[in-house]
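Analysis of the macromolecular model
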Amino acid sequence: MTLRLATAGESHGPALVAILTGLPAGLVLERKAIDADLRRRQAGYGRSPRQQIETDEVDVLAGLRHGRTLGTPLALVVWNRDHKNWTWGMSPWPPEGEPEGKGTKPVTLPRPGHADLAGVLKYGLSDVRDALERASARHTAVHVAAGSVAKALLGTIGVSVKGSTVEEENLRARIDEARKERDTVGGVIEVRVHGVPPGLGSYAAKEDRLDARLAAAVMGIQAVKGVEIGEGFALADKFGSEAHDEIRTDRRRDTNHAGGIEAGVSNGEEIVVRAAMKPLPTLMKPLASVDLESGKAGEALVERSDVAAVEALAVVAEAAVAWELACAARDKFGGDAVGDFAAAWRAYLERIGWH
Ligand SMILES: Cc1cc2nc3c(=O)[nH]c(=O)nc-3n(C[C@H](O)[C@H](O)[C@H](O)COP(=O)(O)O)c2cc1C
């Protein structure tokens, strides 16, 4: 049984939507838990005032009855409350009446580091807004909602996933300084996963490797420029005798340099994924750019923006990792009813003698 996720939605469009297929029937979902994750994504030091306009909540359009999945496609919606200020500018149909609100004038000054220039060239656009609206990280909201569903599924087999920022010296002070200088900053986050049994993922093909799948999922998040599993880059400087996790008679390890994955397969230890986020590209003190209409030099677009979104990235990466692990668990344990899924997991643990 393959778990699949498709999303749609622009940053200032009417809504963000997700369709999840391949979930078992009978999985209990709690609206409060999903909404709590959505709030976590919106919080964090350095975020823009948009987070006060949006109070994200999930709505379910299909696939759930009385809080239990039906085993049919699950359709989630997060409404963009800010859309009310963009009804003309982001109207899906040709707008009627005089232009009003935001987004009425074409954007022609692409921001270095964003999708703006590549987007207009690739898709033959004349208004940068047609590129930036989807490239924006706003739609990570609905990925977080999907991640919440994945965490509920993983919870039935004793797996928990947690993202956090990696303590960097004076992150808050750096954010304050950047705000003062009308600049931006990035940072490092990590996701830790407890309770994964040995055997998720596979070395049989590179696309089945759990490390590859997790890296792709986390690198797929906006502004992530580096991903490592376990000690990652630091392993390159170590001797083999220092880098590998010796196996005890009970098949557990005293160290976890590998971050819980060997040969693309979980080994039963904690899974640790880290990601580096670049400084956000929208600067209040704009960088040099070109006006795509006149061809003259100019300054890049300035639009309401976060100074930093590292804490939000921790929540988004947690969702991405949870989703990938839920996919790998569905691949391995299958089942049309959630009880079948959990029973297959228990039978497997019994076979390998893992407790
Ligand atoms: C949670 C989150 C929030 C973000 N907020 C902003 C923002 O307010 N302003 C901005 O310029 N970029 C923001 N970004 C980053 C851009 O979306 C990203 O840099 C851009 O889409 C280009 O993609 P790339 O950085 O992956 O190359 C955010 C990213 C994440 C993950």
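Our structure is the block above this text.
Residues numbered from 1 in each chain as written. Predicted model: local features only at pLDDT ≥ 70, side-chain atom pairs only at ≥ 80, totals over all residues. Heavy atoms only, no water.

**As for the overall build of the protein**
Applicable threshold: Only DSSP runs of H or I covering at least 4 residues are called helices, and only runs of E covering at least 2 are called strands; the numbering of each starts at the N terminus. Radius of gyration: C-alpha atoms only; globule rule: 2.2 Å multiplied by the number of residues to the exponent 0.38. Only protein chains enter the accessibility calculation, which uses a 1.4 Å probe; a residue whose area is less than 20% of its type maximum is buried, one above 50% is exposed, and one in between is partly exposed. Contacts are assigned to residue pairs with any non-hydrogen atoms lying within 4.5 Å of each other. Surface accessibility follows the Shrake-Rupley procedure with a 1.4 Å probe radius. Residue values consider only the protein chains on display as shielding.
On a plain count of helices and strands, the protein comes out with ten helices and 15 strands. A compact globule built from 355 residues should have a C-alpha radius of gyration of about 20 Å, and the protein, at 22 Å, falls within 12% of that. By its C-alpha atoms, the protein is 70 × 50 × 35 Å across when sized along the principal axes. In the protein, which comprises 355 residues, the proportion classed as buried is 46%. Considering only intrachain contacts with a sequence separation of at least 6, the fraction spanning at least 24 residues in the protein is 71%. When the accessible surface of the protein is totalled, it reaches about 17500 Å², and 54% of it is carbon and sulfur.

**Details of the site of the ligand**
Test applied: Nearness of a residue to a molecule or strand requires only that one of the residue's heavy atoms be within 4 Å of it. Pairs of N or O atoms within 3.5 Å make up the polar contacts considered here, provided that, within protein, one atom can donate a hydrogen while the other can accept it, and that residues adjacent in sequence are counted only when both atoms are side-chain atoms. Under the scheme applied here, ten amino acids are nonpolar (Ala, Val, Leu, Ile, Met, Phe, Trp, Tyr, Cys and Pro), four are charged (Asp, Glu, Lys and Arg), and all others, including Gly, are polar.
Neighbouring the ligand are 18 residues; Ala 223, Lys 278, Thr 282, Ser 305 and Asp 306 lie closest to it. At 3.1 Å from an oxygen atom of the ligand is found a side-chain nitrogen or oxygen belonging to Lys 225. When the ligand sits alone it has 620 Å² of accessible area, and the protein chains cover 86% of it. Class assignment of the residues belonging to the shell around the ligand gives a composition of nine nonpolar, five polar and four charged.

**Section: the packing of helix α1 (residues 31-42) against helix α9 (residues 310-333)**
Which entries qualify depends on this criterion: Note on definitions: angles span 0 to 180 degrees between N-to-C directions of axes, and those axes are lines fitted to C-alpha atoms, for helices only across the stretch in contact.
Following both chains from N to C, one finds α1 and α9 inclined at 140 degrees, their axes separated by 7 Å at the closest point. On α9, the residues that touch Asp 37, Arg 40 and Arg 41 of α1 are Ala 312, Val 315, Val 316 and Glu 318. Its residues assigned to classes, the contact of α1 with α9 comprises three nonpolar, no polar and four charged.

**Looking at helix α7 (residues 210-219)**
As a reminder, the rule being used: It is the directions from the helix axis to the C-beta atoms that the arc portrays.
By the burial criterion, the buried members of α7 are Leu 210, Asp 211, Arg 213, Leu 214, Ala 217 and Val 218. Down the axis of α7, the buried set is contained in an arc of 165 degrees. They therefore lie on one face. Lining the buried residues of α7 we find β10 (224-229), β11 (261-262), β12 (265-266), β13 (271-277) and α9.

**Let's talk about the pattern of salt bridges**
Stated formally: By salt bridge we mean one thing: a side-chain nitrogen of Lys or Arg within 4 Å of a carboxyl oxygen of Asp or Glu.
Going through the model one piece at a time under the given rule, you end up with 27 salt bridges. One salt bridge connects Glu 133 with Arg 129, and the closest N-O pair in it is separated by 2.8 Å. On the criterion of helical spacing, the pair formed by Glu 133 and Arg 129 is a turn pair, its members being four residues apart in helix α4 (residues 129-135). Relative accessible area serves as the criterion here: at 5%, Arg 129 is assigned to the buried category. Two residues, Arg 274 and Glu 228, come together in a salt bridge whose shortest N-O distance is 3.9 Å. With Arg 274 in strand β13 and Glu 228 in strand β10, the pair connects residues that are 46 residues apart, well separated along the chain. Taking relative accessible area as the criterion, Arg 274 reaches 23% and is therefore assigned partly exposed. Shared partners join several salt bridges into a network, and the residues in it are Glu 190, Arg 192, Glu 228, Glu 270 and Arg 274.

**Observations concerning the packing of aromatic side chains**
To keep it simple, the criterion reads: When two rings of Phe, Tyr or Trp (its six-membered ring) have centres within 6.5 Å they constitute a pair, described as stacked for plane angles under 30 degrees, edge-to-face for angles over 60, and tilted for the intermediate range. Put simply, a charge is over a ring when the Lys NZ or the Arg CZ is close to the ring centre, within 6 Å, and near the line of the ring normal, within 35 degrees.
One pass over the full model with this rule turns up two aromatic pairs. Ring plane angle 75 degrees and centroid distance 6.1 Å describe the contact between Phe 333 and Phe 341, whose orientation is recorded as edge-to-face. Phe 341 matches Phe 333 in its accessibility class, with the two residues each being buried. Each ring, one from Phe 333 and one from Tyr 348, has its centre 5.8 Å from the other, and the planes form 55 degrees; the classification is tilted. Of the two residues, Phe 333 is situated in helix α9 and Tyr 348 in helix α10 (residues 338-352); the sequence distance between them amounts to 15 residues. Residue classification places Phe 333 among the buried positions, given a relative accessible area of 7%. Clustering of aromatic rings is evident, with ring pairs tying together Phe 333, Phe 341 and Tyr 348. Note that Arg 172 overlies the ring of Tyr 45, its terminal NZ or CZ placed 4.2 Å from the centroid.

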